[in-house]
Each structure stands twice: as structure tokens, then as C-alpha cells.
Amino acid sequence: MSLALLFPGQGAQRPHMLHDLPPSPAVAAVIDESGWQVDDLDSADALASTVNVQIALVIAGVAGARALIDDHGLVPEFVAGHSVGAFAAAVTAGVLTLAEALTAVELRGRSMEHACAHGDWGMAAVSGLPTRAAAEIVAEVGTDDDPLWVANVNAATQTVVSGTDRALVRAADAASRAGAQSCERLDVAVASHCPIQQDTAQLMAEHLTQLPRRRPTCRYLTNTRGRITASADVILDDLAQSVARPVQWYDGTRLLGELGVTCAVEAPPGQVLTRLLTSAVPSITAISLTDNGFEATARLAARSGG
């Protein structure tokens, strides 16, 4: 079996997601190690904060991965995190400690909020159109006052866009006229993976360059290029720069199939990455830990590799 662990990004969060993690010694240890009180992070009110969302997602992702590895003996060869999920991937690969990741993510979230403090910003997933058609909509409706950018290429027919609220409304109308299945607003209060976050990327680069370089224990899938690396320098650069660049998730998931991955498990609280991978690479057994729990996930993963 060649196993990949996937870590969801912002938009996957839901109230009480840390409280709802399956019981496990590793989960309890990660929450204790994090130094955060879960009641301060995963209530509906707390999750209105981008900072809290991103911290909670990293804790949940690392807890899920540690439980699979420490409590159930799974050994990942690859890790891939979507957006802020990449920090959980870097912890799982041994490039960051949990404390380093949470400090960086708190800084990242506050900077992202600051970048979008003036005006109403957000993100939306355009489904049912090829990337080129979505990019044409971005070019059609974006203006200097109400910019719109391609933020994530998630699948052959799903593209996430970032921009002002007015630009997103216009994009939904244009997508409908172009024959899209939907243009669904994401549960994200900022615009990410776009030029408005360039100052955040610079801040993250300055912060992460001060950290020690540790050799990864498994291979990491980059957000910015959708490519595999085993270099700590490349991983830290990807963590810094991806907030201001589109996520090339579709390229990355197809590459996992080419590299012989037979099973991929999505860490809590995610389900969307499982569906995207199943659609892009049907040969990979994709499992949502949230849907199946630790015991069933471990059995399914072992069965997928013989």
C-alpha cells in the first residue's frame, strides 16, 4: 500500500469539530500539546474568526493523522494539505512542530483578516465549467474596484474564485449564463490565494525562514505547483507563498495517481477532498476519516493495499 494523507482547508470547518473528533490517545495528546482550549476555537461564534478556523483545522488535521499513525500503525508516504491544511501536512511530515505550525497559522490568519478589513470579501466555487471558462468569467466581471481572481483549481470542472462580494455576485450570474452547475459561496470571510494576500505571503516568508530545517519523513505535495518535494526549504516556501497564489490541487491529485498511491485518507473535518480525489483518480481508494472513524478507516486502508 502507498498511502497519502490529505488535510482540508478553510471552508471545511463546522461547529464542535474538535469536540467531535473520535476518542483516541493520540487525539487527546495533540489537543493537550496544542495549548488551546477547544471551547475557545470551535463554537459557532468562535469560528466566525479566520484565525480560530485555521488554528482549529490544523489541530484537527494533526490529531487525525497522529491517531492513524500512532494508534493504528499507518505509515504515509505522501502528505497533501489544501491551503491552511498544508501546515498540518508539514507537521505530519516532521518539517514543523505543532507549536511552530500554530504560531505561524495564527500570524497568517491575522494578516489575512487585516488584508480584507476594508470591504466585503469572500470566495466561491464554480462547478460544472472547465478552468478556462471560469478564468474567462474572472476576466469578464473583475474590475479595479471589485477584483476577482482564480484562487483554486480543484478539479477539471471546479474552480474557486476570490474577490469582493460584488464581484462574486456578478460571477455567479455570469457562471449561470455560461451553463455552470453552481457558483457556491464558501464559508470563508476573506479572499485567499490571490494578490491581495501578498503582504501576508511576505510576512510568512520572513517568519518561516527563521525556523530550523528538518528533513521530511514523507513526501509533500505543494499547493503552488501541484508537485512533490522532499525539501524542507521548498515546503516552507510553499507554506509562505501559497496564500497569495492559486492552489493547483487538481494537478497534485492526478500526480498522486501517477506516483502509485493506492489509498488516500482525508483528515477531519474534511469530506470534499475525498470526493475530488475519487472523481479525478478513481483508481485511488479515497476515505474520509470523518465519515468512517479510525477503526474502519484503518481497515479500509489496509485492505486497499493488500
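### A closer look at the sheet that holds strand 5 (residues 158-164)
Within the open sheet, the 4 strands sit side by side as 4-5-3-6. Their pairing is antiparallel. The sheet terminates laterally at strand 4 (148-155) and strand 6 (182-185), the two strands that pair on one side only. Pairs of neighbouring strands in the sheet enclose a mean axial angle of 25 degrees, with direction left out of account. Bridge count between strand 4 and strand 5: 6 bridges; the pairing is antiparallel.

### Examining the pattern of salt bridges
Between side chains of opposite charge, a pair can form as their charged atoms come close. All chains considered together, the criterion is met by 9 salt bridges. With its nearest N and O atoms 2.7 Å apart, the salt bridge here joins Arg213 to Asp233. Placement of Arg213 in the loop between helix 7 (198-208) and strand 7 (219-221) and of Asp233 in helix 8 (residues 232-241) is noted, with a sequence separation of 20 residues between them. Take Asp233: its relative accessible area is 45%, and that puts it in the partly exposed class. Between Asp251 and Arg254 there is a salt bridge, with the nearest N and O atoms lying 2.8 Å from each other. With a gap of 3 residues between them, Asp251 and Arg254 both fall in helix 9 (residues 249-258), about one helical turn apart. Relative accessible area serves as the criterion here: at 27%, Asp251 is assigned to the partly exposed category. For Arg254, a relative accessible area of 36% corresponds to the partly exposed category. Each of the salt bridges in this network shares a partner with another, and the network as a whole consists of Asp146, Arg166 and Arg170.

### Description of unusual backbone geometry
A cis amide bond links Pro268 to the next residue, Pro269, at an omega of 0 degrees. Locating Pro269 in the fold gives a position in the loop between strand 9 (263-266) and helix 10 (272-280). With phi around 60 degrees, Ser83 is a residue other than glycine that occupies positive phi space. Looking at the secondary structure, you find Ser83 in the loop between strand 2 (78-81) and helix 3 (85-92). Judged by its relative accessible area of 9%, Ser83 falls in the buried class. Of note, His193 is a non-glycine position whose phi angle comes to about 55 degrees, a positive value. In this fold, His193 is placed in the loop between strand 6 and helix 7.

### A closer look at the nonpolar core
Formed by 59 residues in total, the largest nonpolar core has its most connected members in Leu18, Val58, Phe87, Leu96 and Leu239. If you tally residues by element for this core, the top one is helix 2 (residues 50-71), at 13 residues. Sequence-distant contacts of Val58, that is, excluding residues within four places in its chain, are made with Val84, Phe87, Ala88, Leu98, Ala101, Leu102 and Val105. Within the second largest apolar cluster, 18 residues are counted, among which are Val150, Val161, Ala174 and Ala180.

### Overview of the side chain of Asn154
Relative to the assigned elements, Asn154 resides in strand 4. For Asn154, the side chain forms a polar contact with the side chain of His82, separated by 2.9 Å. Within the local environment of Asn154, its side chain forms a polar contact with the side chain of Gln158, the two groups lying 3.0 Å apart. Filtering out sequence-adjacent residues up to four positions away, Asn154 remains in contact with His82, Val160, Trp249, Tyr250 and Leu276.

### Focus: the packing of helix 4 (residues 98-115) against helix 7
Viewed as axis vectors pointing N to C, helix 4 and helix 7 meet at an angle of 160 degrees, and their least axial separation amounts to 9 Å. With respect to their mutual orientation, helix 4 and helix 7 come out roughly antiparallel. Taken as a pair, helix 4 and helix 7 cross one another with a handedness that is right-handed. In contact with Thr103, Ala104, Leu107, Arg108, Ser111 and Met112 of helix 4, helix 7 contributes Asp199, Thr200, Leu203, Met204, His207 and Leu208. Grouping the constituent residues of the contact of helix 4 with helix 7 by class yields 6 nonpolar, 4 polar and 2 charged.

### A look at helix 9
Among the residues making up helix 9, those that are buried are Trp249, Tyr250, Gly252, Thr253, Leu255 and Leu256. If you follow the buried residues of helix 9, they end up packed against strand 1 (3-7), strand 2, strand 4, strand 7, strand 8 (228-229) and helix 10. Backbone geometry just after helix 9 places Gly260 at a positive phi near 90 degrees.

### Quick notes on the environment of Gln181
Mapping Gln181 onto the fold places it in the loop between helix 6 (165-177) and strand 6. On a C-alpha basis, the gap between Gln181 and Leu129 in space is 7.7 Å, while along the polypeptide they are 52 residues apart. Excluding residues that lie within four positions of it along the chain, Gln181 makes contacts with Ser127 and Gly128.

Rules of the game
- Residues numbered from 1 in each chain as written.
- Predicted model: local features only at pLDDT ≥ 70, side-chain atom pairs only at ≥ 80, totals over all residues.
- Heavy atoms only, no water.
- Pairing = 2+ DSSP bridges.
- Helix = DSSP H or I, 4+ residues; strand = E, 2+ residues; numbered from the N terminus.
- Axes fitted to C-alpha atoms, helices over the stretch in contact; angles between N-to-C directions.
- Salt bridge = Lys/Arg side-chain N within 4 Å of Asp/Glu carboxyl O.
- Buried < 20%, exposed > 50% of the residue type's maximum accessible area, 1.4 Å probe, protein only.
- Core = buried A, V, L, I, M, F, W, Y, C linked by side-chain atoms within 4.5 Å.
- Contact = heavy atoms within 4.5 Å.
- Polar contact = N/O pair within 3.5 Å; in protein donor to acceptor, adjacent residues only side chain to side chain.
- Parallel < 35°, antiparallel > 145°, perpendicular 65-115°, else oblique.
- Left-handed = near helix turned anticlockwise from the far one by under 90°.
- Nonpolar A, V, L, I, M, F, W, Y, C, P; charged D, E, K, R; others polar.

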